[in-house]
Amino acid sequence: DVKVTQSSRYLVKRTGEKVFLECVQDMDHENMFWYRQDPGLGLRLIYFSYDVKMKEKGDIPEGYSVSREKKERFSLILESASTNQTSMYLCASTTLGVVGKLFFGSGTQLSVL
Amino acid sequence: QQQVKQSPQSLIVQKGGISIINCAYENTAFDYFPWYQQFPGKGPALLIAIRPDVSEKKEGRFTISFNKSAKQFSLHIMDSQPGDSATYFCAASTRGYKLSFGAGTTVTVRA
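Residues numbered from 1 in each chain as written. Chains lettered and ligands numbered in written order. Predicted model: local features only at pLDDT ≥ 70, side-chain atom pairs only at ≥ 80, totals over all residues. Heavy atoms only, no water.

### Comments concerning the overall build of chain A
When helices and strands are tallied, chain A shows zero helices and eleven strands. On C-alpha atoms alone, chain A measures out to a radius of gyration of 13 Å, which is about the 13 Å that the 2.2 N^0.38 rule sets for 113 residues. Taken over the C-alpha atoms alone, chain A extends approximately 40 × 30 × 25 Å along its principal axes. When burial is assessed residue by residue, chain A has 47% of its 113 residues classed as buried. (Helix = DSSP H or I, 4+ residues; strand = E, 2+ residues; numbered from the N terminus. Rg over C-alpha atoms; globule rule 2.2 N^0.38 Å. Buried < 20%, exposed > 50% of the residue type's maximum accessible area, 1.4 Å probe, protein only.)

### Details of the state of the cysteines
Under the defined criterion, the tally for this structure stands at two disulfides over all chains. Here Cys23 of chain A is linked by a disulfide to Cys91 of chain A, with a sulfur-sulfur distance of 1.9 Å. Note on the Cys23 of chain A and Cys91 of chain A pair: the S-S dihedral is about -75 degrees, so by sign convention the disulfide is left-handed. With Cys23 of chain A in strand E3 (residues 19-25) and Cys91 of chain A in strand E9 (residues 87-94), this pair connects stretches of sequence that are 68 residues apart. By relative accessible area, which is 0% here, Cys23 of chain A ends up buried. What pairs with Cys23 of chain B in a disulfide is Cys90 of chain B, and their sulfur atoms sit 1.9 Å apart. Here the disulfide of Cys23 of chain B and Cys90 of chain B is left-handed, its torsion about the S-S bond being about -95 degrees. (Disulfide = S-S within 2.5 Å.)

### Regarding the pattern of salt bridges
Under the defined criterion, the tally for this structure stands at nine salt bridges over all chains. With a closest N to O distance of 2.9 Å, Arg44 of chain A and Asp38 of chain A form a salt bridge. Of the residues examined, Asp38 of chain A reaches a relative accessible area of 11% and is grouped as buried. Between Glu26 of chain B and Lys71 of chain B there is a salt bridge, and its shortest N-O distance comes to 3.3 Å. Here the residue Glu26 of chain B occupies a position in the loop between strand E3 (19-25) and strand E4 (33-38), and Lys71 of chain B occupies one in the loop between strand E7 (62-67) and strand E8 (72-77), the gap between them amounting to 45 residues. Here Glu26 of chain B falls in the exposed class, since its relative accessible area comes to 61%. (Salt bridge = Lys/Arg side-chain N within 4 Å of Asp/Glu carboxyl O.)

### Considering the nonpolar core
Counting 24 residues, the largest nonpolar core has Val4, Ile21, Phe33, Trp35, Phe73, Leu75 and Tyr88 of chain B as its most contacted members. Ranked by residue count, the leading element in this core is strand E9 (residues 86-93) of chain B, at four residues. Aside from chain neighbours lying at most four places away, what touches Ile21 of chain B is Gln6, Ser7, Pro8, Leu11, Trp35, Phe73, Ser74, Leu75, Tyr88, Thr105 and Val107 of chain B. Membership of the second largest hydrophobic core comes to 20 residues, among which are Val4, Leu21, Tyr89 and Cys91 of chain A. (Core = buried A, V, L, I, M, F, W, Y, C linked by side-chain atoms within 4.5 Å. Contact = heavy atoms within 4.5 Å.)

What follows is the structure, given as structure tokens:
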């Protein structure tokens, strides 16, 4: 089975801190994604990557950056965390040629105080 | 601005009943419409999907109905079971992997 692992299940940070969310997948997938999930808003795409060192902005990239130095790892960075970034963050991956089937991690619930 | 509008936000159904969730879209370039199921504490998982060249797809107790002219699609859960209690998301994409999700529907099946 495909496994997408997110480094933390719960995270509490202070306003202004730099925050790193880590995601690792074990199926050699080319595409990786970061979504945030908020009640009433569903899942919104922050960034995605279709290859190592490649990235593309999603629908809500402001306040975030990403890093993909290795194929299996995709990091989401909050340069200066703010309270409106309190959310559930979901990482996902998929392979080229498999249409629309994303494999999600279990999520990181981030609280920014 | 959400590209896929989903309703209702939540619904309660008795065991054995039918759950119906509706989604609508505007972007006619969308060519793939999956539904994802999410249980508490877990990430979403693909449940069933349809392309716009068919009007219906059925997998077990789950059926997608698709109306291309109305730009609407829906998920029907037949003979709903307590184990179906979850949040369901519709989605749409133009290139197969960059999905736009609806807001989600929380389904509660009462025994």
